[in-house]
Amino acid sequence: MQWAEVIDNPYFENLPFKIELNRYGKIEMAPASNKHGRLRLHIGALLERKLKKGEALLECSIQTTEGVKVADVAWCSKAFIKQHGYETPYTHAPEICIEVVSPSNSKEEMTNKVQLYLQAGAEEVWIAWENGIVDYYDKTGKIEQSAYSINVTIPIN
């Protein structure tokens, strides 16, 4: 299955969970809680407040070597939007891709997504854990803080 078929299919409208495609074109589903949705919105709003020269996207689809993955939140610079517009899925990852970890996600899955987004061109990947900790990664591996000088505080309640 191709991503255009997924987003144009009425059966997949208004689902209470995120769907992605694996490298074989098969749909993978990840149930998300209301808290998960709130954290995504919180992070997106923070990015828009702090990084004025771009915009945040929720559920940003990105073509990777393992199929289409959907970052919970992404930040795109104005230059990125000028070059790529709102192509769906993006063939090049936005500058920052963020995953908010759900109980159904494994650490291995998150590690894999970090690598996939970086390989697709992201400058940084952030993993926001339910305990409030945010891990930051760039092409060198795990880093202490974002190069974008943003301190993310995740509300855990």
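Residues numbered from 1 in each chain as written. Predicted model: local features only at pLDDT ≥ 70, side-chain atom pairs only at ≥ 80, totals over all residues. Heavy atoms only, no water.

Peer 1: Would you explain the packing of aromatic side chains in this entry?
Peer 2: Here a ring pair, both rings aromatic, is described through the centre-centre distance and the interplanar angle of the planes. Tallying each qualifying case throughout the model produces three aromatic pairs. Taking 5.7 Å as the distance between ring centres and 65° as the angle between the ring planes, the aromatic pair formed by W75 and Y148 counts as edge-to-face. Separated by 73 residues along the polypeptide, W75 in strand β4 (residues 67-77) and Y148 in the segment after β8 (141-143) bring together distant segments of the chain. Classification of W75 as buried rests on a relative accessible area of 5%. Between F80 and Y90 the ring centres are 5.0 Å apart and the planes differ by 70°, which places this aromatic pair in the edge-to-face class. Within this pair, whereas F80 is found in helix α3 (residues 78-84), its partner Y90 is found in the loop between α3 and β5 (96-100), the two being separated by 10 residues in sequence. Each member of the pair, F80 as well as Y90, is classed as buried. (Phe/Tyr/Trp six-rings, centres within 6.5 Å; stacked < 30°, edge-to-face > 60°. Helix = DSSP H or I, 4+ residues; strand = E, 2+ residues; numbered from the N terminus. Buried < 20%, exposed > 50% of the residue type's maximum accessible area, 1.4 Å probe, protein only.)

Peer 1: Sorry if this is basic, but what is going on with the nonpolar core here?
Peer 2: Nonpolar side chains in soluble globular proteins tend to be buried together. With 21 residues, the main nonpolar core has I62, Y90, C97, Y117, V125 and I127 as its most contacted residues. At the level of elements, β3 (54-64), β4, α3, α4 (107-119) and β6 (124-128) are the ones that each hand at least two residues to this core. Ranked by the residues each element gives to this core, the list is headed by α4, at four residues. In this view, Y117 contacts E20, I62, K69, V70, A71, A93, C97, E99, A122 and V125; residues no more than four positions away in its chain are not counted. Ranked by size, the runner-up nonpolar core spans 18 residues in total, among them L47, A56, W75 and V152. (Core = buried A, V, L, I, M, F, W, Y, C linked by side-chain atoms within 4.5 Å. Contact = heavy atoms within 4.5 Å.)

Peer 1: I would appreciate a short explanation of α4 in the present structure.
Peer 2: Because an α-helix packs 3.6 residues into every turn, residues spaced three or four apart end up facing the same way. Between the first and last C-alpha of α4 there are 19 Å, a value that for 13 residues agrees with the 18 Å anticipated at 1.5 Å per step. Residue G121 follows α4 closely and has a positive phi angle near 115°. (Expected span 1.5 Å × (residues − 1).)

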